[in-house]
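Observations on the model geometry
Listed here are the chains, written in short residue letters.
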Amino acid sequence: MTHSDRPTAQKTPLEARSSGPLTGKVRVPGDKSISHRALILGALAVGQTRISGLLEGEDVLNTAQSMRALGAKVERTGDFAWSVHGVGVAGFATPQVPLDFGNSGTGCRLVMGAVAGCPITAVFDGDASLRSRPMRRILDPLELMGAKASASAEGGRLPLTLNGARDPLPIVYRTPVASAQIKSAVLLAGLAAPGITTVIEAEASRDHTELMLKHFGAEIVSDKEGAHGRKISLTGQPELHGADVVVPADPSSAAFPIVAALIVEGSDVILTDVMTNPLRTGLFTTLREMGASIEESHVRGDAGEPMAQLRVRGSNLRGVEVPPERAPSMIDEYLVLAIAASYAEGTTIMRGLQELRVKESDRLEATAAMLRVNGVKAEISGNDLIVEGKGHVDGGGTVATHMDHRIAMSALVMGLASDKPVKVDDTAFIATSFPDFIPMMRGLGAEFS
Ligand code: S3P
């Protein structure tokens, strides 16, 4: 993927160095996927939705802003507490300004789905990273439902104008790749269609949209399809009622302090309220297979989303093979898994990573580059990533962030146990998903300067 990078003068570099044992108890911010969905469903519901624990990162704040532009009343009522008064299914108004999603593929693609079912016109835009990401995968099903997109860039990339359908059609859609964003866009458009909209996926992707639609009063059924897939059927034109949503801590953000605690000898870190939806916990499964000490307690749930407290202790890790069918349940975690694999003894093979090429950056290339510049042997073979762990990492490299929050956080975690410090060229994008990452990690004992 190519996108223009930020000028060097605007970048905020940081260096991580070998740190003493990490200790303490933290709650990482609210889950990003659930935060976007709570705002969007709140905006499509009748009555008030009260959200606690919302992730107040840039990605989610852009979604909040877009819901306001579409006619919902969205207010911050306290720390991480938000209230949304919605307009009802198909009730969005034509926004007077372009909807700017910044760095967020999820916000942009889910809102495209919600807009596609309304008889309005909206302009979608984002930063250089988001402008370089494929949108055809979302626009194809939405056009089958009656929406019309016009983009001047090739591949339907941003900026683009979306004309929602006056009379949206329910469809049966097989997603071409395992993607919760595609599935969710179709379901959100299907809310406005009469009859049943069905999405079939060969590999199950995260099911937060389905769980939350149910929580807001929609009729939605999910059945098994094949060995790893799902068939989801939504009855259109429901009345969604505002609901209370408690956002659990984001397992994709928890991944960074977890891997940090595993690789820094003697660490003992507790993470509270971490969401443990099985469609999000592939990283935890993999780390346990590698020998990680991750203990779960205080298991509870809210609105269908399970959560638990995790206690993580410094562990000797060994290389493993990660099967391709696990990818959807840990798609955002391969960068930081590659850090764990670098500190493990032996080879880790991660299979079926083609989707990593179309994330905030080309994460397959970026992960290999991050490891190599720090003395770790990493090879890309087709869609697989192979990392040769030797139990320790040389470090000493500067990692290019490519406007990607997870590269920045992974590289900083890597430097906490390496022989020489690891530098990242730009930490600014960490604010998209984990605004307090640097102070929270320092609080656990991480040395950043
Ligand atoms: C997300 C889905 C995933 C993931 C992203 C969040 C979601 O993307 O990478 O960070 O909230 O639906 P894909 O659906 O494109 O795999």
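Attention in this report is confined to the structure presented alongside it. For clarity, every value in this text was computed on a predicted model and none was experimentally measured.

In this section: the overall build of the protein chain. Along the protein chain, the regular secondary structure elements total 13 helices and 24 strands. Its C-alpha radius of gyration of 21 Å places the protein chain within 12% of the 22 Å reference for a compact globule of 449 residues. When the backbone C-alpha atoms are referred to their principal axes, the protein chain occupies close to 60 × 45 × 45 Å. Counting only residues that meet the buried cut, the protein chain has 59% of its 449 residues in that class. Intrachain contacts of the protein chain at a sequence separation of at least 6 include 76% that bridge at least 24 residues. Accessible surface, the protein chain as shown: approximately 15,700 Å² in total, 49% of it carbon and sulfur. Taken together, the 44 basic and 52 acidic charged side chains of the protein chain have centroids lying 1 Å from each other.

Strands sit in the order E22-E23-E1-E24 across an open sheet of 4 strands; the sheet is mixed. Of all the strands in the sheet, just strand E22 (398-399) and strand E24 (447-448) have a single pairing partner and so form its edges. Both strand E1 (residues 14-17) and E24 contribute to a ladder of 2 bridges, which runs antiparallel. In the strand pairing of E24, Arg17 is matched with Glu447. Along the sheet, helix H12 (residues 405-414) makes contact with E1, E22, strand E23 (422-424) and E24, crossing E23 at roughly 165°.

All residues adjacent to the ligand are Ser33, Arg37, Thr106, Ser179, Ala180, Gln181, Arg206, Ile331, Asp332 and Lys359. Lys359 is positioned with one of its side-chain polar atoms (N or O) 2.7 Å from an oxygen atom of the ligand. The fraction of the free accessible surface of the ligand (390 Å²) that becomes covered by protein chains is 95%. Sorting the residues of the shell around the ligand by element identifies helix H1 (32-44) and helix H6 (180-190) as the ones contributing at least two each. A breakdown of the residues in the shell around the ligand according to their chemical character gives 2 nonpolar, 4 polar and 4 charged.

Our next topic: the pairing of strand E11 (residues 196-201). Most of E11 is tucked away, with 5 of its 6 residues classed as buried. Pairing of strand E10 (residues 172-174) with E11 involves 3 bridges; the strand directions are parallel. Within E11, the residue paired with Val172 across the bridge is Thr198. For the handedness criterion, the β-α-β arrangement of E10, H6 and E11 is classed as right-handed. Pairing of E11 with strand E13 (residues 229-235), which is carried by 6 bridges, proceeds in the antiparallel orientation. In the sheet register, Thr198 faces E13, and the bridge partner there is Ser233.

This brings us to the environment of Leu412. With respect to the element layout, Leu412 can be found in helix H12. You can call Leu412 buried: its relative accessible area is 0%. C-alpha separation for the pair Leu412 and Ser19, spaced 393 residues apart in sequence, amounts to 11 Å. Setting aside residues no more than four positions away along its own chain, Leu412 makes contact with Leu14, Glu15, Ala16, Val424, Thr427, Ile430, Phe437 and Phe448.

Summed over the entire model, instances satisfying the criterion amount to 34 salt bridges. Here Lys32 ties to Asp59 by a salt bridge, and the two come within 3.6 Å at their closest N and O atoms. In this pair, Lys32 is assigned in helix H1 and Asp59 in helix H2 (residues 58-69), connecting sequence segments 27 residues apart. Each of the two residues, Lys32 as well as Asp59, counts as buried. Glu143 is the partner of Lys148 in a salt bridge, and the nearest nitrogen-oxygen pair spans 3.6 Å. By relative accessible area, which is 23% here, Glu143 ends up partly exposed. Beyond isolated ion pairs, a larger network of salt bridges with shared partners links Arg133, Arg206, Asp332, Glu360, Arg363, Asp404 and Arg406.

Calculation criteria
- Residues numbered from 1 in each chain as written.
- Predicted model: local features only at pLDDT ≥ 70, side-chain atom pairs only at ≥ 80, totals over all residues.
- Heavy atoms only, no water.
- Helix = DSSP H or I, 4+ residues; strand = E, 2+ residues; numbered from the N terminus.
- Rg over C-alpha atoms; globule rule 2.2 N^0.38 Å.
- Buried < 20%, exposed > 50% of the residue type's maximum accessible area, 1.4 Å probe, protein only.
- Contact = heavy atoms within 4.5 Å.
- Areas by Shrake-Rupley, 256 points an atom, 1.4 Å probe, with all protein chains shown as cover.
- Lys, Arg positive; Asp, Glu negative; His and termini not counted.
- Charge placed at Lys NZ, Arg CZ, Asp CG, Glu CD.
- Pairing = 2+ DSSP bridges.
- Axes fitted to C-alpha atoms, helices over the stretch in contact; angles between N-to-C directions.
- Near = heavy atom within 4 Å.
- Polar contact = N/O pair within 3.5 Å; in protein donor to acceptor, adjacent residues only side chain to side chain.
- Nonpolar A, V, L, I, M, F, W, Y, C, P; charged D, E, K, R; others polar.
- Right-handed = clockwise from strand over helix to strand, strands pointing away.
- Salt bridge = Lys/Arg side-chain N within 4 Å of Asp/Glu carboxyl O.

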